[in-house]
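# Tertiary structure, described
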Amino acid sequence: MVANTLKKRERLCSMKLIDRLFNGAGSHSMAVFPIRVVWMEKDRDEHESPVQILVSVSKRHFKQAVKRNRVKRQVREAYRQAKSPLYTQLEQTPQRAVLIAFIWLSDELYSSAEVTGRMEKLIQRITERL
């Protein structure tokens, strides 16, 4: 069973991996408005988390940092609550890892319940494609 936490090692911080995610040939993209997800599979190092995520909210959508931070918090919390099917799927192949970037597409704020529902749909679709 996966703990409902979001640890530092589950965050995508490496610039090399981020470049590979957005510029690589093996990345996939899908959207459930207002969230777009870009993801790719890669070989897993022994001390690495099976899933690493990145959350991006553009200044173009929200000029005020308070609103951008709220949306990022909502997306991280929705992922934290919905991530267990993804981890269950990846337990079957322990040598594989997934890099995921969540990108906010809307100019509007949404309720946390709506964000969580859409995140669950995205996680389900990614899990089906693994």
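Here, every reference points to the structure presented above.
Let us look at the structure shown here. All of these numbers come straight from a predicted model, not from anything done at the bench. (Residues numbered from 1 in each chain as written. Predicted model: local features only at pLDDT ≥ 70, side-chain atom pairs only at ≥ 80, totals over all residues. Heavy atoms only, no water.)

### Considerations on helix H1 (residues 15-23)
Taken residue by residue, H1 has Leu17, Ile18 and Leu21 as its buried positions. The arc enclosing the buried residues of H1, seen along the axis, measures out at 100°, which places them on a common side. Pointing more than 90 degrees away from the buried face of H1 are the exposed residues Met15, Lys16 and Asn23. Check the buried side of H1 and you find it contacts strand E2 (35-43), strand E3 (51-56) and strand E4 (96-104). (Buried < 20%, exposed > 50% of the residue type's maximum accessible area, 1.4 Å probe, protein only. Helix = DSSP H or I, 4+ residues; strand = E, 2+ residues; numbered from the N terminus. Arc of directions from axis to C-beta. Contact = heavy atoms within 4.5 Å.)

### What about helix H4 (residues 112-129)?
In this model, H4 (18 residues) spans 26 Å end to end at C-alpha, consistent with the 26 Å of a helix rising 1.5 Å per residue. Along H4, the residues that are buried comprise Val115, Thr116, Met119, Leu122, Ile123, Ile126 and Thr127. Down the axis of H4, the sector holding all buried residues measures 135°, keeping them to one side. Exposed residues pointing more than 90 degrees away from the buried face of H4 are listed as Ala113 and Glu128. Tucked into the core, H4 has its buried residues touching strand E1 (28-32), E2, helix H2 (65-82), helix H3 (84-90) and E4. (Expected span 1.5 Å × (residues − 1).)

### Considerations on the environment of Val71
Within the secondary structure, Val71 is located in helix H2. Residues Val71 and Ala97 lie 26 residues apart in sequence; the distance between their C-alpha atoms is 26 Å. The residues touching Val71, leaving out its near neighbours within four places in the chain, are Val57, Phe62, Trp104 and Leu109.

### Structural notes on the packing of aromatic side chains
Counted according to the given criterion, the structure contains two aromatic pairs. Taking the centre distance of 5.8 Å and the plane angle of 50° together, the rings of Tyr79 and Phe102 count as tilted. With Tyr79 in helix H2 and Phe102 in strand E4, the pair connects residues that are 23 residues apart, well separated along the chain. Like Tyr79, the residue Phe102 is buried in the burial classification. Taking the centre distance of 5.8 Å and the plane angle of 75° together, the rings of Trp104 and Tyr110 count as edge-to-face. Each member of the pair, Trp104 as well as Tyr110, carries the same accessibility label: buried. (Phe/Tyr/Trp six-rings, centres within 6.5 Å; stacked < 30°, edge-to-face > 60°.)

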